[in-house]
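Secondary and tertiary structure notes
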Amino acid sequence: MSLVYAEMPLSEIILNEPLLIPVINRFGIILGTKDKSVQTLCQENNLDTDFFLTILNTFINDSFFPEKRLKSFCVTQIVDYLSQTNQYYKRYQIPNIEKHFGLLIEKSPYKNNNLELIREFFFELKHELLRRIEDDQHSWFPKIKRLSANVHSQIPDFSLTSFLKDDPDPIEEKLNDLKSLFVLHLTGKYDLNLCYGVIFAIFSLEKDIKQNNRIRNRILKPLYHLLQSAQFSN
Amino acid sequence: MLRNKQIVIISACPLYNTGLRHVLNEYFSAQKVDVYNDIDYFFNSFPEIYDFYFVTSDFFLCYYDFFLPRKSKVILLAKDIFKGQSISNIEFKINIFADTNEIIEQLQSFFESACLRSSNDYHINLTPREIEVLQLIAQGFINKEIADRLNISFNTVLTHRKNITAKLGIKTVSGLSFYAMMNGYVKIDMNE
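What you see is a predicted model, and the numbers here were worked out from it, not measured in a lab. (Residues numbered from 1 in each chain as written. Chains lettered and ligands numbered in written order. Predicted model: local features only at pLDDT ≥ 70, side-chain atom pairs only at ≥ 80, totals over all residues. Heavy atoms only, no water.)

1. A few points about the overall build of chain A
To keep it simple, the criterion reads: Comment: elements are numbered from the N terminus, with helices defined as DSSP H or I runs of at least four residues and strands as E runs of at least two. Each residue gets one of three labels from its accessible area relative to the maximum for its type: buried under 20%, exposed over 50%, partly exposed in between, using a 1.4 Å probe on protein chains only. The contact rule is simple, with two residues in contact once any of their heavy atoms fall within 4.5 Å. The accessible surface values rely on the Shrake-Rupley method and a 1.4 Å probe; as for residues, cover is taken only from the protein chains in view.
Looking only at helices and strands, chain A has nine helices and zero strands in total. Burial analysis of chain A (234 residues in total) assigns 51% to the buried set. Pairs at least 24 apart in sequence give 80% of the contacts found in chain A among residues at least 6 apart. Carbon together with sulfur atoms contributes 51% to the accessible area of chain A, which is approximately 11,600 Å² in total.

Below is the structure:
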């Protein structure tokens, strides 16, 4: 999809890319935006238009990642966004998959052991994701905010290359395996429509997590390391 | 044609990359095309996962050790396709100055032969040895222990694991364990 701009009506953007609905929701914007532009809605909701647009654009375009612009936002703003994203997973997206999964198993005309096994795998993934969210909320994010409040000197511009040697993200890997278990290896009878509902919810969570990880790994982690070193040199 | 294939384009020129990605999306229904303008980013991500690598000749030559073993998956983006001894090892080259129709025809013939190759060697069924390795993974053994138990080398275990993952599309230990349970390779114990 093409990039979106401040003057465009948000409704037009959402009609083209409905996967953005959870993203606008976590900024406090809900459906029924009439023909209001992004800028107007940002003003009404007290949001930084630039930040909002950057998040929308990185979400809808996998290959678009404006590092310089993202680095220019204040650390607290990025942390707050990721924090809201985490809460969204916890309150809506994970329970949504769980609910559909429950229905899928309940409504299957015959007992399907494979579906129950795949659900067990999903539970494992869910616990891992919730653990990471807890750690973010209670340890990592507060630490970054404290560091950011204490460091008053300018953070030097940084090269991202040195920060990209992360191990593969275990949550993304498990989400991918979960999709493979469904798409490649599911056997037995089941309700096709409910199964589609579960898979769609998994794909939607995966897209969101990939986006979240790009911001975590390529922006927040480098900033965190720089804040730590800046604190030592203060 | 390329619906399930993972493709990567590695070249320092963003405009070439965008154009090539457009051609792959439009004419070959490629859905997963990653683009790297910077080779360091490429190597710091997951460089082994791709089915096809579009790479410029200069990057190919600089990272010969990585690309040569994958030469059947490499399509070279060359300015002068006749230059260079090492490059002559690569069967598929595209002259980036050729016109669009010529490029589409070249890509068509490459993908047709590549898909034919892969349909001949692709079997989702695991070999008996791979099943043994999978059973041990599902029981929680680490690579060294699997090597000792099956009396094979550590590297052979790694090769089996890589093949299992490629065949099943499952990478994590717990994903593989659940697959093993679903297919009766290990006992199901949902209460654990």
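That covers the picture; the talk isn't over yet.
2. What to know about the pattern of salt bridges
For clarity, the cut-off: Here, a salt bridge means any Lys or Arg side-chain nitrogen found within 4 Å of an Asp or Glu carboxyl oxygen.
In this structure the tally under the stated criterion is 16 salt bridges over all chains. One salt bridge connects B:K144 with B:D148, and the closest N-O pair in it is separated by 3.2 Å. Placement of both B:K144 and B:D148 in helix α7 (residues 143–150) is noted, with a separation of four residues, approximately one turn of the helix. Several salt bridges share partner residues, and in doing so they unite A:E124, A:E128 and A:K174 into one network.

3. Quick notes on the pairing of strand β2 (residues 32–36) of chain B
Residues and elements named next belong to chain B. Worth spelling out the cut-off: Should DSSP find at least two bridges between two strands, the strands are regarded as paired. We call a crossover right-handed when, viewed with the strands running away from us, the connection from the first strand over the helix to the second turns clockwise.
Relative to β2, strand β1 (residues 6–10) runs parallel, the two sharing five bridges. Pairing of I9 across the sheet is with V35, part of β2. Between the parallel elements β1 and β2, the chain passes through helix α1 (residues 14–28) in a crossover that is right-handed.

4. A word on helix α8 (residues 154–168) of chain B
Convention followed: Given a helix with a known number of residues, its expected span is that number minus one, times 1.5 Å. Directions pointing from the helix axis toward each C-beta atom define the arc.
Look at α8(B): 21 Å from first C-alpha to last across 15 residues, which is about the 21 Å you get at 1.5 Å a residue. Of all the residues in α8(B), the buried ones are B:V157, B:H160, B:R161, B:I164, B:K167 and B:L168. One side of α8(B) holds all its buried residues, which, seen down the axis, span an arc of 130°. In α8(B), the exposed positions that point more than 90 degrees away from the buried face belong to B:N155, B:K162 and B:A166. In this fold, the buried residues of α8(B) make contact with α8 (170–183) of chain A together with α6 (128–138), α7 and α9 (173–182) of chain B. In the segment just after α8(B), B:G169 is the residue with positive phi, at about 70°.

5. Notes on the sheet that holds β2(B)
Residue and element names in this part refer to chain B. Here is the rule we go by: For helices, the fitted axis covers only the stretch in contact; all axes are lines through C-alpha atoms, and the angles between them, taken along N-to-C directions, range from 0 to 180 degrees.
Strand order in the open sheet formed by five strands is β2-β1-β3-β4-β5, with parallel pairing between adjacent strands. Across the chains shown, the open sheet's two edge strands, defined by having one partner strand only, are β2 and β5 (93–95). Sheet twist, expressed as the average angle between the axes of neighbouring strands with direction ignored, equals 20°. Contacts from α1 reach β1, β2, β3 (52–56) and β4 (74–78) within the one sheet, and its direction differs from that of β2 by about 175°.

6. Topic: the packing of aromatic side chains
Remark: the centre distance and the inter-plane angle together describe each pair of aromatic rings, the angle taken between the planes. In plain terms, the rule: A pair of aromatic rings is counted whenever rings of Phe, Tyr or Trp (Trp by its six-membered ring) have centres within 6.5 Å, and the orientation is called stacked for planes under 30 degrees apart, edge-to-face for over 60 and tilted otherwise. Only lysine NZ and arginine CZ atoms are considered, and such an atom sits over a ring when it is within 6 Å of the ring centre and within 35 degrees of the ring normal.
Under the definition given, this model contains 33 aromatic pairs over all chains. Ring geometry for B:Y50 and B:Y53: centres 5.8 Å apart, planes at 80°, overall edge-to-face. For the pair B:Y50 and B:Y53, a shared accessibility class is recorded, and that class is buried. An aromatic cluster of three or more residues is present, and its members are B:Y36, B:F42, B:F43, B:Y50, B:Y53, B:F60, B:Y63, B:F66 and B:F67. Of note, A:R26 hangs over the ring of A:Y88, and the distance from its end group to the ring centre comes to 5.0 Å.

7. Focus on the nonpolar core
Soluble, globular proteins show a tendency: their nonpolar side chains are buried together. Heads up, the rule is: In these notes, a set of buried Ala, Val, Leu, Ile, Met, Phe, Trp, Tyr and Cys residues joined through side-chain atoms within 4.5 Å is what counts as a nonpolar core.
One finds A:I97, A:F101, A:L104, A:I118, A:L181 and A:F182 to be the most contacted residues of the largest nonpolar core, which totals 49 residues. At the level of secondary structure, the elements contributing two or more residues to this core comprise α6 (75–107), α7 (113–150), α8 and α9 (192–233) of chain A together with α6, α7, α8 and α9 of chain B.

8. Quick notes on the pairing of β3(B)
Residue and element names in this part refer to chain B. Within β3, five of the five residues are buried, which leaves the element mostly enclosed by the surrounding structure. Alternating positions in β3 separate into two faces, F52, F54 and T56 on one and Y53 and V55 on the other, with burial throughout. Alignment of β1 against β3, held across four bridges, turns out to be parallel. Note that in β3 the partner of I9 across the bridge is F54. With four bridges joining them, β3 and β4 adopt parallel strand pairing. By the bridge assignment, Y53 is partnered in β4 with V74.

9. A few points about the environment of B:F110
All names here are of chain B. Within the secondary structure, F110 is located in helix α5 (residues 100–121). For the pair F110 and S72, spaced 38 residues apart in sequence, the C-alpha to C-alpha distance is 9.9 Å. Residues in contact with F110, not counting those within four places in the same chain, are F52, S72, K73, V74, I75 and F92.

10. Quick notes on the interface of chain A and chain B
Under the convention used in this document: Values labelled buried area give the accessible surface lost by two parts on being combined, using a 1.4 Å probe and summing over both. Two N or O atoms count as a polar contact when they lie within 3.5 Å, although within protein this holds only if one can serve as hydrogen donor and the other as acceptor, and sequence-adjacent residues are included solely when both atoms are side-chain atoms. Only Asp, Glu, Lys and Arg are considered charged, only Ala, Val, Leu, Ile, Met, Phe, Trp, Tyr, Cys and Pro nonpolar, and every remaining residue, Gly among them, polar.
Contacts between chain A and chain B engage 24 residues on the former and 19 residues on the latter. Surface buried jointly by chain A and chain B totals about 2,000 Å² across both partners, of which 65% is contributed by carbon and sulfur atoms. Along the contact surface separating chain A from chain B lie one salt bridge. A salt bridge links B:K171 to A:E173, with the shortest nitrogen-to-oxygen separation between them at 3.5 Å. Linking chain A with chain B are six residue pairs in polar contact (both at pLDDT 80 or more), by the criterion used here. Elements with a contribution of two residues or more to the side of chain A that touches chain B: α7 and α8 of chain A. With seven residues, the top contributor of residues to the side of chain A that touches chain B is α7(A). Looking at the side of chain A that touches chain B residue by residue, the class counts come to eight nonpolar, six polar and ten charged.

Just geometry here; none of it tells us what the structure is for.
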